[in-house]
Amino acid sequence: EVQLQESGPGLVKPSQSLSLTCSVTGYSITSNYWGWIRKFPGNKMEWMGYISYSGSTSYNPSLKSRISITRDTSKNQFFLQLNSVTTEDTATYYCARSRDFAYWGQGTLVTVSS
Amino acid sequence: DIQMTQSPPSLSASLGDKVTITCQASQNINKYIAWYQQKPGKAPRQLIRYTSTLVSGTPSRFSGSGSGRDYSFSISNVESEDIASYYCLQYDNLPTFGGGTKLELK
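Residues numbered from 1 in each chain as written. Chains lettered and ligands numbered in written order. Predicted model: local features only at pLDDT ≥ 70, side-chain atom pairs only at ≥ 80, totals over all residues. Heavy atoms only, no water.

Side note on the sheet that holds strand β1 (residues 4-7) of chain B
Residue and element names in this part refer to chain B.
- Sheet architecture is open: 4 strands sit in the order β1-β3-β8-β7, paired in antiparallel fashion. The strands lining the two open edges of the sheet, one partner per strand, are β1 and β7 (62-67). Each adjacent strand pair in this sheet contributes to an overall mean axis angle of 15 degrees, direction not counted. (Pairing = 2+ DSSP bridges. Helix = DSSP H or I, 4+ residues; strand = E, 2+ residues; numbered from the N terminus. Axes fitted to C-alpha atoms, helices over the stretch in contact; angles between N-to-C directions.)

The structure is reproduced here in structure tokens:
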């Protein structure tokens, strides 16, 4: 059974970069699509981007200048980097599998604050 | 971007009721819509994909329908374990979520 687990700092200062890791077990990230989604405190959900089985990426246009999704196939992990964060990037961040997000990690709360 | 308008934002139901949530897309999404249940502190759980296909483990009291721009999600015979928030997601194009519906007990 596929399992996803997010990890990374829970607190990031404004203007710095947010970096998260999604570790996947039970399924190879060289198959399917792997995405990042966030849920804001007001409960709005936003797709951020994904990386495909081939390593190609697609990003939410609203984030395109600040986001990067990469992967390490040897560790079966993929990564999120979001640059120049502000307090508005405070959210719970999830990683998920497939284009319809059939499987999710448990989520990790990231707070942007000085 | 495809916008997903989900309604109602909140819903109050008694045990055993039937409830329906709708999502309207800003353009045709070719039935590429999924529905999720989320309980506090938990990850979203996919219940339905491609409009009406129940994901393995989803109880049969959940159902989905629709086409074009208009889609609905229903729970017949609401049970206490169904108290949660529900979201739609279109994945025909770059994914976008509906605003969510919070289901509460009356």
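Anyway, onward from the coordinates.
As for the side chain of Ser52(A)
Residue and element names in this part refer to chain A.
- Counting through the fold element by element, serine 52 comes out in the loop between β5 (45-51) and β6 (57-59).
- In this structure the side chain of serine 52 is engaged in a polar contact, spanning 2.9 Å, whose partner is the side chain of serine 54.
- Serine 52 has contacts with Ile29, Asn32, Tyr33 and Arg71, leaving out every residue within four places of it along the chain. (Polar contact = N/O pair within 3.5 Å; in protein donor to acceptor, adjacent residues only side chain to side chain. Contact = heavy atoms within 4.5 Å.)

Details of the packing of aromatic side chains
- Evaluation of the coordinates by the stated rule reveals 17 aromatic pairs over all chains.
- A ring pair is formed by Tyr33(A) and Tyr53(A), whose centres lie 5.8 Å apart and whose planes are at 90 degrees; its orientation type is edge-to-face. You can see Tyr33(A) sitting in the loop between β3 (18-25) and β4 (34-39) and its partner Tyr53(A) sitting in the loop between β5 and β6, a full 20 residues away along the chain.
- By relative accessible area, which is 43% here, Tyr53(A) ends up partly exposed.
- Taken together, Tyr94(A), Phe101(A), Trp104(A), Tyr36(B) and Phe97(B) form an aromatic cluster joined through their ring pairs.
- Directly above the aromatic system of Tyr27(A) lies the positively charged group of Arg97(A), at a separation of 4.2 Å from the ring centroid.
- Sitting over the ring of Tyr33(A), Arg99(A) keeps its end group 5.2 Å from the ring centre. (Phe/Tyr/Trp six-rings, centres within 6.5 Å; stacked < 30°, edge-to-face > 60°. Buried < 20%, exposed > 50% of the residue type's maximum accessible area, 1.4 Å probe, protein only. Lys NZ or Arg CZ within 6 Å of the ring centre and 35° of its normal.)

Digging into the interface of chain A and chain B
- Each side of the interface is counted separately: chain A has 18 residues, and chain B has 15 residues.
- Contact with chain B buries area across many residues of chain A, yet Met45(A), Asp100(A) and Trp104(A) alone supply 38% of it, more than any other trio.
- Our count for the contact surface shared by chain A and chain B stands at 1 salt bridge.
- With its nearest N and O atoms 2.6 Å apart, the salt bridge here joins Arg49(B) to Asp100(A).
- Scanning the region where chain A abuts chain B turns up 8 residue pairs in polar contact (both at pLDDT 80 or more).
- Examining the composition of the side of chain A that touches chain B, we find that 4 residues originate from one element, β5(A), more than from any other.
- Of the residues that constitute the side of chain A that touches chain B, the class distribution is 10 nonpolar, 4 polar and 4 charged. (Buried area = accessible area lost by both parts, 1.4 Å probe. Salt bridge = Lys/Arg side-chain N within 4 Å of Asp/Glu carboxyl O. Nonpolar A, V, L, I, M, F, W, Y, C, P; charged D, E, K, R; others polar.)

Considering the state of the cysteines
- Considering all chains together, one arrives at 2 disulfides over all chains under this definition.
- Each sulfur in the disulfide pair Cys22(A) and Cys95(A) lies 2.1 Å from the other. Disulfide Cys22(A)-Cys95(A): the torsion about the S-S bond is 65 degrees, which places it as right-handed. Residue Cys22(A) is located in strand β3, and its partner Cys95(A) is located in strand β9 (residues 91-97); the two are separated by 73 residues in the primary sequence.
- The exposure class of Cys22(A) is buried, given its relative accessible area of 0%.
- Taking the relative accessible area as the measure of exposure, Cys95(A) reaches 0% and is therefore buried.
- Cys23(B) shares a disulfide with Cys88(B); S-S distance 1.9 Å. Because the torsion about its S-S bond is -85 degrees, the bridge between Cys23(B) and Cys88(B) counts as left-handed. Pair noted here: Cys23(B) is in strand β3 (residues 19-25) and Cys88(B) is in strand β9 (residues 85-90), with a separation of 65 residues, a long-range link. No difference in accessibility class separates Cys23(B) from Cys88(B), as the two residues are buried. (Disulfide = S-S within 2.5 Å.)

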